[in-house]
Amino acid sequence: MLIFDHSHPGRAAHAQLPPHDGALDDLPAALLRDAPPALPECSELDVVRHYTRLSQKNFSIDTQFYPLGSCTMKYNPRACNSLAMLPQFLARHPHAPAETGQGFLQSMFELQEMLKDVTGMAGVSLAPMAGAQGEFAGIAMIRAYHDARGDAARSEILVPNAAHGTNPATAVMCGYTVREIPTDREGNVDLDALKAAVGPQTAGLMLTNPSTLGVFEKTIQTIQKLVHDAGGLLYYDGANLNAILGRVRPGDMGFDVIHMNLHKTFSTPHGGGGPGAGPVGVAERLLPFMPVPVVIHDNGVYRNAVEADLPQSIGRMSANNGNAGVLLRAYVYARMLGAEGMLRVAEFATLNANYLMARLRDAGFELAYPTRRASHEFIVTLKKLKDETGVTAMDFAKRLLDYGFHAPTTYFPLLVPECLLIEPSETESKETLDAFIEACLKIKEEAYANAERVKGAPYTQPVRRLDDVKAARELDLAYKPA
Amino acid sequence: MPFIPHSDENIADMLAAIGAPDIDALFDEIPAALKAGKLAQVPPGVSEMEITRLMSERAEADGRYLNFLGAGAYEHHIPSAVWQITTRGEFYSAYTPYQAEASQGTLQLIYEYQTMMTRLTGLDASNASLYDGGSGLAEAVLMAVRANKSGHRRVLMPKTVHPLYRAACRDIVKNQKIELVEIDYHPATGCTVLPQDAEGCAALVIPQPNFFGMLEDVDAMTDWAHAHKLLAIALVNPTTLAVLKAPGQWGGTGADIAVGDGQPLGAPLSNGGPYYGFMCCKQEFVRQMPGRIVGRTVDLDGKPGFALTLQAREQHIRRSKATSNICTNQGLVVTASTIYMSLLGPEGLSRVARASHANTRSLVGKLVAAGAEQVFGGTYFHEAVIRTNVENARLLRSLVGQGIVGGYDLSKDYPELGNAILVCATETKTEADIERYAQQLGRIVSKMSEPPPCARK
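Residues numbered from 1 in each chain as written. Chains lettered and ligands numbered in written order. Predicted model: local features only at pLDDT ≥ 70, side-chain atom pairs only at ≥ 80, totals over all residues.

### Some words on the overall build of chain A
Each helix and strand counted, chain A has 14 helices and 13 strands in total. Here the C-alpha atoms of chain A give a radius of gyration of 25 Å, agreeing with the 23 Å that 2.2 N^0.38 yields for 482 residues. In terms of overall dimensions, chain A has C-alpha extents of about 75 × 65 × 45 Å along its principal axes. A burial count over chain A gives 63% of its 482 residues as buried. Counted over contacts in chain A with a minimum sequence separation of 6, partners at least 24 positions apart contribute 73%. (Helix = DSSP H or I, 4+ residues; strand = E, 2+ residues; numbered from the N terminus. Rg over C-alpha atoms; globule rule 2.2 N^0.38 Å. Buried ≥ 20, exposed ≤ 12 C-beta atoms within 10 Å, placed from the backbone. Contact = placed C-beta atoms within 7 Å.)

If you want it as structure tokens, here you go:
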């Protein structure tokens, strides 16, 4: 049932109506609408019950193991939420004078300092509101840097073919053309191809390390030198920062600019699709170009540095202060972890991934890169299973839902056939991982015994497999009563 | 080790299964030279009790102010149920609903949200959200340039659009060689004056209400845009759409795209975010829309269900040819907004809009009586521009001293307006609140316009 099915003319959540009303008699009739918008007319209980019930139709970290590769679905501590929602923080207007929000601003400043340290960068701006916006800010800074040097012929951004789709899409939004670099058999950037590709047209290389294939780019020092020698800059996509947090710093690897996904590594909620936060970190030479606002400590007062303070800034990503409330959650998380806890994040995320990988391998699952260590994630390929039973990675993923596990990432990266990208994260226990392995084994047995059973999954969810073709062909994007 | 459940025995068993002597060995593919030293700027970890105390102290130090500041972020009452349900773990800690069968809660909610937004804007389709109003306007500009077959890359941007929206929009689109052409406003009315021609332009942005709070002649502007073969982009405040004409009804054929910030619909001010950008459009432009979109379909048994659709527009499929690079959006805030709109309903949202309008009229009346001047003639909605003979920074600082956040200082972006500030009074303000602001403003204005004591001899 939709909320609109609960609607009855004249019903309302009366406690929510403002006590006073007002007239619109001073406004020209031509600018007013004829009738109020057809929003649902419901009691407060109708609404509470409807959305509580909808929530129960979701998988979530709080209810299920969620080994979604490249997404870092770790526990989102409750304290981060409750402390970011203290009434004074919620009431703070973004344009209120700085002196009325020193507590909030100090927390932002300290978050910047901690992120600088843990990534080895010279400066951090919290402005970007998600990973893709962080990428945009990063590539825009690379452009601004080359432009400021009069080095305007650089027109190309290099992206490994295993990269997230946001990388090439971002490069285009910044006015660059994209050249893809292939991957070698071991899952590394193909160095020969990279050598052939770099040149005076190279503005930069975007790299995720550990990569989306779940392995550390062993030749990062060579890659770094190749790109820098050609005059290009090195961009670090922080999607997999959780794998190396506190252990290896992107700045020490030679990256000039990075983004971090705080909704991954710093455990702010994914929220069913956001809000995230994608702060950017920069090396010394990119400091003047950081997006605004950046929080500075100026004469004993914390305040936002704006365009006037940073005249070469690439500018703003939003009208206000980015996803400030999300940043506050990340701050609380970072303080609870502390230096020691941050190091443990990478260690235990890596331990969990390697354990899961070893056990699945021993159980007969084929690894995409069997000679490599897992980072905090790894890839299983179900090509053999598909060839022998017809059961695809998608079927396997859907059947996992019936066993009470969220599916791993499927069909990404695109270059591994029938792949499952599995990332357990550090907050899951051995017992949970063991139960997941058990479920994978059962599904594999089912595939050989009764492939149709697996291909018809899931059976236990609110709906069975959905008709995506119909969804796209017969667009129904908004409810219209019959 | 906060949030890590492993016992020593677990660790030993797991390492044995891997065949590694210790955890360090799992990092043996990383060149040793890259191993980081000690973190110097990250303090030792603290317990939940300690961090609670610290954050509570910071929050109390920040305090609470009587707020008359709007300028794109509005203080409205948010029903308790909104964030209590929104922060249920099943919404809060879920991922993007790519696995549709395990995400029907979020997907149905977004479908309901899209429906509500199409009803507010009078347009055919809505996406699932963008980051905020400012970056949303940039996406609307990019979309209009793609959709307008002329290939023109200039967009007309009134100066009555929020200056920070214009800045964000410019900074996001500039690398794609798109030029924003500013259009002036009439000094007496604070409303946009349409230019002589639209040479080389693809779209016109139409703010309603505009940044000064004034109501623009949206019908004439929409028709003018269409007469010049431009797309009409409506930049609107969703609360006001409860009573103002929907963009889909503007002029002869309606605006083509509507965009704005969803913050007024249930998102707390929270120092500027997270909010979200909403975007709606006519059916013919759906395939040019950025961001996620949910559609209703059926499952294998013919039962209705919901799924992300038209994904061929998006970066994870189309990569460098996507309509935008956006991936993560502002889903949780949309969850809050959907619950907010359901609780308020048509009557509630209309009353919020009408009460905010009435309170702002009352505020302007009292501030003028206390010595301020109303800058523009004409009709405003729930914000207005006033001017005093006191320098803005001094006035606003003095008001803060009295516990009042008095408004948005316009002197930086609109120096031609003198000591002008933008004020707002939503439904959250009482007559006593408004009276208090007027009294304090009156006191400050009369005191500061007196000559300093040394000149009195």
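### Brief notes about the domain arrangement of chain B
Residue and element names in this part refer to chain B. Looking at the assigned domains, one finds that chain B contains domain 1 (66-72 + 346-456) and domain 2 (80-338). The gap between the C-alpha centroids of domain 1 and domain 2 is 30 Å. Between domain 1 and domain 2, the residue contacts involve 19 residues of the former and 18 residues of the latter. Only α10 (331-369) and β12 (383-387) provide two or more residues apiece to the side of domain 1 that touches domain 2. Looking at the side of domain 1 that touches domain 2, the element that brings in the most residues is α10, giving six residues. Class assignment for the residues of the side of domain 1 that touches domain 2 results in nine nonpolar, seven polar and three charged. (Domains from an automatic or database assignment. Nonpolar A, V, L, I, M, F, W, Y, C, P; charged D, E, K, R; others polar.)

### Focus on the interface of chain A and chain B
Contact residues are listed per partner, giving 171 residues for chain A and 164 residues for chain B. With 21 residues, helix α9 (residues 324-362) of chain A is the single largest residue contributor to the side of chain A that touches chain B. Partitioning the side of chain A that touches chain B into residue classes produces 86 nonpolar, 50 polar and 35 charged.

### Describing the domain arrangement of chain A
Residues and elements named next belong to chain A. Here the domain parsing of chain A yields domain 1 (79-337) and domain 2 (345-468). One C-alpha centre belongs to domain 1, the other to domain 2; they are set 31 Å apart. With 19 residues of domain 1 at the interface, the matching set in domain 2 holds 17 residues. Within the side of domain 1 that touches domain 2, the residues separate by chemical class into nine nonpolar, eight polar and two charged.

### Brief notes about the sheet that holds strand β4 (residues 179-183) of chain B
Residues and elements named next belong to chain B. Pairing is mixed across the open sheet formed by seven strands, whose spatial order is β2-β8-β7-β6-β5-β3-β4. Looking along the sheet, the strands with just one partner apiece sit at the ends: β2 (125-126) and β4. Inspection of the sheet shows strand β3 (residues 154-158) paired to β4 by five bridges, in the parallel sense. Across the sheet, P158 pairs through a bridge with I183, a residue of β4. (Pairing = 2+ DSSP bridges.)

### A few points about the pairing of strand β6 (residues 257-260) of chain A
Residue and element names in this part refer to chain A. Along β6, one buried face is formed by V257 and H259 and the opposite face, lined by I258 and M260, is buried too. With four bridges joining them, strand β5 (residues 233-238) and β6 adopt parallel strand pairing. What sits directly across from Y236, in β6, is I258.

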